[in-house]
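What the coordinates show
Here is how the chains run, residue by residue.
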Amino acid sequence: MGCGASTAHVPPRQLVLLGGGECGKTTIFKQIQLLHGSGFSDEVRSDWVSAVCSSPLRSMRAMLTKADELGLEIDSAQKEAILGRYQSLSQLNPEAAAAIKAVYESAAIQGLIADKEQKLDLDDNAFYFLDKVEAMGKPDFLPSTEDILKVRDPTRTIETLDFQYGKAKFRVIDVGGQRMERPKWNLTGEITAVIFVCALTEYNQVLREDIKQNRLKESLNLFDIACNRRYPRSEEHTSELQ
């Protein structure tokens, strides 16, 4: 009896997802939630509406800023609306979706996208969301599983997910990868394993918070920190990652 009671209280094996910002940690966390957790109920999907709808707005802001720099002609009313009042929307309405679609499909923006010499600061799946922006403007819009997996939504808190595979219990921990989030990496408790994530696309990209720092070099520095458990404190993490 004593042995059985002891087994029932064995703590879960803790798996921590570490890596730089936008490397894919949260996508892996969401995939584990989909495969081994409760999945995405309608209530969970509704919680993702704001993040999903912000993607085309963020992409259009980046493209319109570049268009202004190049002196491209864009419908002024639609541009002002997209850069102004629409940016505060937590869910797109038909008017906002139509304006984004019209500007996105305009000759000026399509020419800008086709110009490979122009470096556009866009999310990896920016065009996926722009192509379906009309559907996102409907009042009953709920993100699909693919939408949730593809959307960029920076982790601001420590997220945990408990699940069981066979007789083994696991706890997956997801933390933010941006520099301002790394002081939270000083996690307590027994960590079974660190799953370090690095995106293959980082070799020619720079950090959003430091455009002089290559993302792949940043990931190599972070890997050293993760291996040696030297979790950065808020006052020192910037200098340690140069």
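This write-up is about the structure you can find in this document. This structure is a prediction, so every number in the text was calculated from the model and none was measured.

How each quantity is defined
Think of each chain on its own: its residues are numbered from 1, step by step along the sequence as written. Given that this is a predicted model, residues contribute local features only at a pLDDT of at least 70 and side-chain atom pairs are listed and counted only at 80 or more, while totals for whole chains, interfaces and linings are drawn from all residues. Excluded from the side-chain calculations are hydrogens and water; all other atoms, namely the structure's heavy atoms, are used. Classification of ring pairs uses Phe, Tyr and Trp, with its six-membered ring standing for Trp, and accepts pairs whose centres are within 6.5 Å; under 30 degrees between planes counts as stacked, over 60 as edge-to-face, and the remaining range as tilted. A helix here means a DSSP run of H or I that spans at least four residues, while a strand means a run of E at least two residues long, and both kinds are numbered starting from the N terminus. Relative accessibility thresholds used throughout: buried, under 20% of the residue-type maximum; exposed, over 50%; partly exposed, between the two (1.4 Å probe, protein chains only). We call a charge positioned above a ring when the Lys NZ or Arg CZ atom is no farther than 6 Å from the ring centre and deviates by at most 35 degrees from the ring normal. Only protein atoms enter the calculation, which uses a 1 Å grid: trapped sets of points that fit a 1.4 Å probe without letting it out are cavities, open sets showing protein on both sides within 12 Å along at least five of seven lines are pockets, and any residue with an atom within 4 Å of a point is a lining residue. Grid points are joined across faces, edges and corners, and a volume is the space filled by probe spheres set on the points. Polar here means any residue other than Ala, Val, Leu, Ile, Met, Phe, Trp, Tyr, Cys and Pro, which are nonpolar, and Asp, Glu, Lys and Arg, which are charged; Gly is therefore polar. What counts as a disulfide here is a pair of cysteine sulfur atoms lying within 2.5 Å. Convention adopted: a line fitted to C-alpha atoms gives each axis, helices being fitted over their contacting stretch, and angles between N-to-C directions are expressed from 0 to 180 degrees. Oblique is the label for any angle not covered by the other classes, which are roughly parallel (under 35 degrees), roughly antiparallel (over 145) and roughly perpendicular (65 to 115). Note: crossing handedness is left-handed where the near helix turns anticlockwise from the far helix by less than a right angle, and right-handed where it turns clockwise. Should any heavy atoms of two residues lie within 4.5 Å, those residues are considered in contact.

1. Some remarks on the packing of aromatic side chains
Tallied over the entire structure, the rule returns four aromatic pairs. Centroid distance tyrosine 104 to phenylalanine 127: 6.5 Å. Interplanar angle 20°. Geometry classified as stacked. With tyrosine 104 in helix α6 (residues 94–104) and phenylalanine 127 in helix α8 (residues 126–131), this residue pair connects regions lying 23 residues apart in the sequence. What makes tyrosine 104 buried here is its relative accessible area of 9%. On the basis of an interplanar angle of 20° and a centroid distance of 5.4 Å, the ring pair of phenylalanine 163 and phenylalanine 170 is categorised as stacked. On the basis of relative accessibility, which here comes to 12%, the residue phenylalanine 163 falls in the buried class. Relative accessible area serves as the criterion here: at 17%, phenylalanine 170 is assigned to the buried category. Seen from the ring of tyrosine 128, lysine 150 lies directly overhead, with NZ or CZ sitting 4.3 Å from the centre.

2. As for the layout of surface pockets
Of the volumes computed, that of the largest pocket is approximately 1,300 Å³. Contributing to the lining of the largest pocket are 47 residues, with Glu22, Leu122, Asp123, Asp124 and Gln205 lying nearest its centre. Mapped onto the lining of the largest pocket, the elements with two or more residues apiece are α2 (25–36), α4 (49–70), α8 and α10 (145–150). Ranked by residue count, the leading element in the lining of the largest pocket is α2, at four residues. Here the lining of the largest pocket is built from residues that sort into 17 nonpolar, 14 polar and 16 charged. When its volume is computed, the second largest pocket comes out at roughly 260 Å³. Taken together, 14 residues line the second largest pocket, and the ones lying closest to its centre are Thr26, Trp48, Asp153, Thr155 and Glu159. Those elements that place two or more of their residues in the lining of the second largest pocket are α2 and α3 (42–47).

3. Points about the state of the cysteines
What the rule picks out here adds up to zero disulfides. Cysteine 23 forms no disulfide, and the closest cysteine sulfur to it belongs to cysteine 198, at a distance of 7.2 Å. Classification of cysteine 23 by relative accessible area gives buried; the value is 7%.

4. Considerations on the packing of α4 against helix α5 (residues 76–83)
The contact between α4 and α5 brings their axes to 10 Å, and the two run at 130°. Taken together, α4 and α5 sit at an angle that is classed as oblique. For the crossing formed where α4 meets α5, the hand is left-handed. Packed against α4, whose contacting residues are Met60, Arg61, Leu64 and Asp68, the element α5 presents Lys79, Ile82 and Leu83 at the interface. A class-by-class count of the residues in the contact of α4 with α5 yields four nonpolar, no polar and three charged.

5. Remarks on unusual backbone geometry
Positive phi, close to 65°, is recorded for glutamate 22, a residue that is not glycine. As for its position among the elements, glutamate 22 is in the loop between β1 (13–18) and α2.

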